[in-house]
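Next come the chains, spelled out residue by residue.
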Amino acid sequence: MGEVLLGPFTDLTAVATSALKSVWAHLWLLMSTALLATGLWGAAWVWWRRRARAALECRTVVDLVPSAGFDPSMEGIGRHAARLARVPTAAGWLPRRASAVRIQHGSVEGKLATRLEGPAQSAGLLRLQSFPDVDVVEADRGVGEVRPIRFANIAPLGVTDDEQEI
């Protein structure tokens, strides 16, 4: 008569004890599953990093050299930007850092040139001529080839004559 019926929670200690015994009995299975999942994740991470490193080692470099009368329209610039935005998609399933496009500005024979560097898988898209007055030139990719432009007796941007930052 002293028993109180609690519905489905009649014996919480028995349920908790049974669950604990079941977990303890299968602890080796749970631990081996966690260890296997961690090992697979680590192997996938190493593979992805090596894939990114390999993709970064073989990239396509193209110089865009404009003619003297080059005057692009806003529509042409928009088309060029949209084409560059499609490069990661055209590169396929690559890590994000390996599918990016690097844009550098420099000088080729006294003319302003834009250097595009992107994944080798999207080389065809990078080599397309965007503007009618721009020559697409295969660039020789050498270490230290990009040289900064320095002007004599002129302070770098952001520094005044008193060597204080603006």
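Just so you know, these numbers come straight off a predicted model, no measurement behind them.

So, on to the overall build of the chain. What the chain contains, in helices and strands, is five helices and four strands. Written out in order from the N terminus, the α and β elements of the chain read α-α-β-α-α-β-β-α-β. Buried positions account for 20% of the 166 residues belonging to the chain. Partitioning the intrachain contacts of the chain with sequence separation of at least 6 by distance along the chain shows that 74% fall at a separation of at least 24.

Turning to the pattern of salt bridges, a few remarks are in order. Enumeration over the complete set of coordinates arrives at five salt bridges. Between Glu75 and Arg79 there is a salt bridge, with the nearest N and O atoms lying 2.9 Å from each other. Placement of the pair is Glu75 and Arg79 together in helix H3 (residues 74-85), with a separation of four residues, close to one helical turn. Take Glu75: its relative accessible area is 57%, and that puts it in the exposed class. Overall, the relative accessible area of 49% leaves Arg79 in the partly exposed class. Among the ionic pairs, Arg102 bridges to Glu117, the shortest N-O distance being 3.7 Å.

Bringing the pairing of strand E1 (residues 59-66) into the picture now. In terms of burial, E1 is largely enclosed, as eight of its eight residues are buried. Here E1 runs beside strand E3 (residues 111-119); their pairing, made up of six bridges, is antiparallel. Across the sheet, residue Asp63 finds its bridge partner in E3, namely Arg115. The pairing of E1 with strand E4 (residues 134-138) spans five bridges and is antiparallel. Within the sheet, the bridge partner assigned to Pro66 lies in E4 and is Val134.

Quick look at the packing of aromatic side chains now. If you walk through the whole model with that rule in mind, you get four aromatic pairs. Connected via pairs of aromatic rings, a cluster forms that spans Trp47, Trp48 and Trp93.

Attention now moves to the nonpolar core. Soluble globular proteins: nonpolar side chains tend toward being buried together. In terms of nonpolar packing, the biggest core is built from nine residues, these being Val62, Leu64, Leu84, Val87, Leu116, Leu125, Leu126, Phe131 and Val134. Where this core is concerned, the elements lending two or more residues are E1 and helix H5 (123-127). Residue contacts for Leu116: discarding those within four places in its chain leaves Thr60, Val61, Val62, Leu64, His80, Leu84, Arg102, Ile103 and Leu126.

Analysis parameters
- Residues numbered from 1 in each chain as written.
- Predicted model: local features only at pLDDT ≥ 70, side-chain atom pairs only at ≥ 80, totals over all residues.
- Heavy atoms only, no water.
- Helix = DSSP H or I, 4+ residues; strand = E, 2+ residues; numbered from the N terminus.
- Buried < 20%, exposed > 50% of the residue type's maximum accessible area, 1.4 Å probe, protein only.
- Contact = heavy atoms within 4.5 Å.
- Salt bridge = Lys/Arg side-chain N within 4 Å of Asp/Glu carboxyl O.
- Pairing = 2+ DSSP bridges.
- Phe/Tyr/Trp six-rings, centres within 6.5 Å; stacked < 30°, edge-to-face > 60°.
- Core = buried A, V, L, I, M, F, W, Y, C linked by side-chain atoms within 4.5 Å.

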